[in-house]
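# An overview of the molecular structure
Single-letter residue listing:
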Amino acid sequence: SPDAIPGSITMTLTQEAGPPILYIEPDTIAVNYLEASITFSIDNIGGGDMDWSIEENADWLSVNPDAGTNEQMITINYLVNDGEDRTEEIVITAPSSVESSRSLHFIQIAPNPILSVLPDSLPLTASAGNAYFTIYNEGFGSMDWIVSENENWLSVDPRSGRNEAVIRVNYNTNRGDHREGGIT
């Protein structure tokens, strides 16, 4: 009021903080099959303090730290994967947050198989007979394979399989010149 003494009064207003809001970034992580570590962040994008904890149940990974308050970078340590693709839902719980839990989807892909053959060539006699070679997976994971021959005087058994097998090559008598055939 212009006629009042003093002419103005400043009032301080205090508004309470909004509720905590749990936020994680990213919410999906995919990694290769090797042993390593990677990080993600937990943030409180709301007001006040937000206590949180992390739960995971995989024996092939761990998180550090597994509890805290407000913002934090979290390290996920994971072991080598020598099997199939695997996943884990890492659950972050913050009871005081508007959304009390969030999940991080963690994926570790399977390693690559590596096709190997021993021996890599087979000397054959002129008489009909059998020779053998081994197919095996020198890498990780599962490997399906198919074998085929490119000549009518050769046949193979088995023609398909998974991972390791001994392959029998049947060959006919050669009554002519030196010849070569291939097996793929």
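Everything in this summary refers to the structure shown in the same document. Given the structure is predicted, the values throughout are model-derived calculations rather than measurements. (Residues numbered from 1 in each chain as written. Predicted model: local features only at pLDDT ≥ 70, side-chain atom pairs only at ≥ 80, totals over all residues. Heavy atoms only, no water.)

## Looking at the sheet that holds strand E15 (residues 165-171)
What counts is decided by this rule: Pairing between two strands is assigned when DSSP locates at least 2 bridges connecting them. Here a strand is any run of E in DSSP of at least two residues, a helix any run of H or I of at least four, and the numbering for each starts at the N terminus. Every axis corresponds to a line fitted to the C-alpha atoms, with the helix fit spanning only the stretch in contact, and the corresponding angles, defined between N-to-C directions, vary from 0 to 180 degrees.
With respect to topology, four strands assemble into an open sheet ordered E10-E11-E15-E13, the strand pairing being antiparallel. A strand with exactly one partner marks an edge of an open sheet, and here the two such strands are strand E10 (115-118) and strand E13 (154-157). Neighbour-to-neighbour, the strand axes of the sheet open up by a mean angle of 30°, direction not taken into account. Sheet topology places strand E11 (residues 129-137) next to E15; seven bridges connect them, and they run antiparallel.

## Some words on the nonpolar core
What counts, and what does not: The nonpolar core is taken to be a set of buried Ala, Val, Leu, Ile, Met, Phe, Trp, Tyr and Cys residues, with the residues joined through side-chain atoms within 4.5 Å. Exposure classes here rest on a 1.4 Å probe applied to the protein chains alone. A residue is buried below 20% of its type maximum, exposed above 50%, and partly exposed in between. Note on definitions: a residue-residue contact is assigned when non-hydrogen atoms from the two residues lie within 4.5 Å.
One finds Phe40, Ile42, Ile76, Ile92 and Phe106 to be the most contacted residues of the largest nonpolar core, which totals 21 residues. Of all the secondary structure elements, the ones that give two or more residues to this core are strand E1 (22-25), strand E2 (28-31), strand E3 (36-44), strand E4 (51-55), strand E5 (61-64), strand E7 (72-78), strand E8 (86-93) and strand E9 (101-108). Examining the composition of this core, we find that three residues originate from one element, E7, more than from any other. Sequence-distant contacts of Ile92, that is, excluding residues within four places in its chain, are made with Leu22, Ile24, Phe40, Ile42, Trp52, Ser53, Ile54, Ser100, Ser101, Arg102 and Leu104. The next biggest cluster of nonpolar side chains, apart from the first, holds 13 residues, and it includes Phe133, Met143, Ala165 and Ile167.

## What to know about a nonpolar patch on the surface
Condition: Patch building starts from residues that exceed 30% relative accessible area and form no salt bridge, then joins like charges within 9 Å and nonpolar side chains (Val, Leu, Ile, Met, Phe, Trp, Tyr) within 5 Å. Per-residue and other accessible areas follow the Shrake-Rupley method at a 1.4 Å probe size, with only the shown protein chains counted as cover for residues. The term salt bridge refers to a side-chain nitrogen of Lys or Arg lying within 4 Å of a carboxyl oxygen of Asp or Glu.
Taken together, Ile21, Tyr23, Ile45 and Val98 make up a surface patch of nonpolar side chains, about 350 Å² in accessible area. In this structure, Val98 sits in the loop between E8 and E9.

## Describing the environment of Glu151
Tracing the backbone through its elements, the reader meets Glu151 in the loop between strand E12 (144-146) and E13. Separated by 30 residues in sequence, Glu151 and Gly181 have C-alpha atoms that sit 5.8 Å apart. In contact with Glu151, other than residues within four places in its own chain, are Glu180 and Gly181.

## As for the pattern of salt bridges
Summed over the entire model, instances satisfying the criterion amount to four salt bridges. Asp144 is paired through a salt bridge with Arg162; the nearest N and O atoms lie 2.8 Å apart. Placement of the pair is Asp144 in strand E12 and Arg162 in strand E14 (residues 160-162), with a sequence separation of 18 residues. Among the salt bridges present, the one from Arg159 reaches Glu149, with a minimum N-O distance of 2.8 Å. Taken together, the residues Arg159 in the loop between E13 and E14 and Glu149 in the loop between E12 and E13 connect sequence positions ten residues apart. Taking relative accessible area as the criterion, Arg159 reaches 42% and is therefore assigned partly exposed.

## Re the sheet that holds strand E6 (residues 67-69)
The sheet built from five strands is open, its strands ordered E2-E9-E8-E4-E6 with mixed pairing. Strands with a single pairing partner mark the edges of an open sheet, and in this sheet they are E2 and E6. Strand-to-strand twist of the sheet, defined as the mean angle between neighbouring strand axes without regard to direction, takes the value 20°. Bridge count between E4 and E6: three bridges; the pairing is antiparallel. Residue Ser53 lies in a different strand from E6, and its bridge partner there is Ala67.

These values are about where atoms sit, not about what they do.
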